[in-house]
Amino acid sequence: FTLENQLHQAVKNGEMILHYQPQINIKTGQVYGLEALIRWKSPQLGLIKPGKFIPLAEKTGLILPMGEWVLKTACQQNKKWQQMGLPPVIISVNLSAQQLQQPNLIETVENTLESVGLDPKWLELEVTESMLMKNITIAKKTLQELREMGVYISMDDFGTGYSSLGYLKKFPFDTLKIDQSFVKELNQSSQDLHIISAIMTLSRGFNLRVIAEGVENQEQLKLLKELNCEEMQGYLFSRPLSSEDVLKYLIGFQ
Ligand code: G
Ligand code: G
Ligand code: MN
Ligand code: NA
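Please read these numbers as outputs of a predicted model, since none were measured by experiment.

Analysis parameters
- Residues numbered from 1 in each chain as written.
- Chains lettered and ligands numbered in written order.
- Predicted model: local features only at pLDDT ≥ 70, side-chain atom pairs only at ≥ 80, totals over all residues.
- Helix = DSSP H or I, 4+ residues; strand = E, 2+ residues; numbered from the N terminus.
- Rg over C-alpha atoms; globule rule 2.2 N^0.38 Å.
- Buried ≥ 20, exposed ≤ 12 C-beta atoms within 10 Å, placed from the backbone.
- Contact = placed C-beta atoms within 7 Å.
- Expected span 1.5 Å × (residues − 1).
- Arc of directions from axis to C-beta.
- Near = placed C-beta within 6 Å.
- Nonpolar A, V, L, I, M, F, W, Y, C, P; charged D, E, K, R; others polar.
- Core = buried A, V, L, I, M, F, W, Y, C linked by C-beta atoms within 7 Å.
- Pairing = 2+ DSSP bridges.

Asker: So what's going on with the overall build of the protein? Which residues, and what values?
Answerer: In terms of helices and strands, the protein carries 12 helices and 9 strands. Against the globule reference of 18 Å for 254 residues, the protein gives a C-alpha radius of gyration of 18 Å, in line with a compact fold. Seen through its principal axes, the protein has C-alpha atoms that stretch 50 × 45 × 35 Å. Considering the protein as a whole, with its 254 residues, one finds that 35% of them fall into the buried category. Contacts in the protein between residues far apart in sequence, at least 24 positions, make up 65% of those at least 6 positions apart.

Here it is, written out as structure tokens:
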């Protein structure tokens, strides 16, 4: 069996699972959202992270059924948590380049939300700059329509692409996710401080929410707070959790 074969079987056999990483608003102390992150639970190979199979799934087109499964599962799970009476959160789903190019993406999202019975305001879709670059006209139209539907759009890995600033003007984002690389070595004297400070200024001008990614320690938290960054995601708060562990986590937050 090639890895491609195994991957194909895995999707069919239901070996894909989602983990969810909390996004915290440190000002309100509430969980603002959860990012859905796919994992492959292979009986032979163990738990495999997406870096190992998403590129292959992209190449083979398998990313399309996989992406639909992710969207549906994440929305269903979010609906379930809401029905349990937990404080509602936004579920954040990573899109792939190919999904964004699909003319029927709007329909897929609309149908998924409808069949699950989830209000669009509890779904956020994450895109990266490199995905937008492939076809700017289609991407712009698609994102606009998704936004009109009431779904939030976030720019993932912000600051690492080639045209971050121009894209702020071109595309309708709600949220910027500051890439982990700027948070990683953040300290009192690092240049990253100035980069993040500039991102915060920009975000106010564009009326965007900002989430800092990869927050791992108290010093990063303190500096981000001083820069008025209110939302954070990272190991300091929680690793990506199984759906069972999210339940315990959310109950603990109430
Ligand atoms: O922990 P982490 O290894 O989960 O994620 C690695 C990368 O895989 C990240 O860049 C993330 O955006 C991507 N990723 C995680 N889940 C999904 C998914 O469901 N779909 C897509 N397209 N990418 C994902
Ligand atoms: O590319 P994207 O931002 O979608 O993917 C998020 C990735 O970052 C996932 O692989 C997730 O497991 C990982 N991640 C989340 N929090 C942290 C953290 O605090 N530190 C590090 N190093 N990685 C993190
Ligand atoms: Mn992401
Ligand atoms: Na990111």
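Asker: Tell me about unusual backbone geometry, and please be specific about residues and values.
Answerer: Here Asn207, not a glycine, exhibits a phi torsion of approximately 60°, which is positive. Take Asn207: it is sitting in the loop between α10 (191-206) and β8 (209-212). Of the residues examined, Asn207 has 8 C-beta atoms within 10 Å and is grouped as exposed. In this model, Asn228 sits at a positive phi of 65°, which is unusual for a non-glycine residue.

Asker: Mind laying out helix α7 (residues 136-149), listing which residues take part and the relevant values?
Answerer: Because each turn of an α-helix spans 3.6 residues, side chains separated by three or four positions end up pointing in the same direction. In this model α7 runs 20 Å from its N-terminal to its C-terminal C-alpha over 14 residues, within 8% of the 20 Å that 1.5 Å per residue would give. By the burial criterion, the buried members of α7 are Ala139, Thr142, Leu143 and Leu146. Seen from one end, α7 has its buried residues packed into an arc of 95°, which puts them on one side. Those residues of α7 that are exposed and aimed more than 90 degrees away from the buried face are Thr137 and Glu148.

Asker: Which residues make up the site of ligand 2, and what values do they have?
Answerer: Neighbouring ligand 2 are 13 residues, the closest being Asp156, Gly214, Glu216, Gly234 and Tyr235. Of the residues in the shell around ligand 2, the class split is 4 nonpolar, 5 polar and 4 charged.

Asker: Please give an account of the nonpolar core that cites residues and values.
Answerer: Ranked by size, the top nonpolar core spans 61 residues in total, and within it Ile91, Val93, Leu123, Ile178 and Ala212 carry the most contacts. For this core, the element with the highest residue contribution is helix α3 (residues 63-83), accounting for 6 residues. Setting aside chain neighbours within four positions, we find Ile91 in contact with Gly33, Leu34, Ala36, Ala74, Cys75, Asn78, Trp122 and Leu123.

Asker: Quick rundown of the pairing of strand β5 (residues 123-127)? Include the residues and the values.
Answerer: β5 sits mainly inside the fold: 4 of its 5 residues count as buried. Pairing of β5 with strand β6 (residues 152-158), which is carried by 4 bridges, proceeds in the parallel orientation. Across the sheet, Val127 pairs through a bridge with Met155, a residue of β6.

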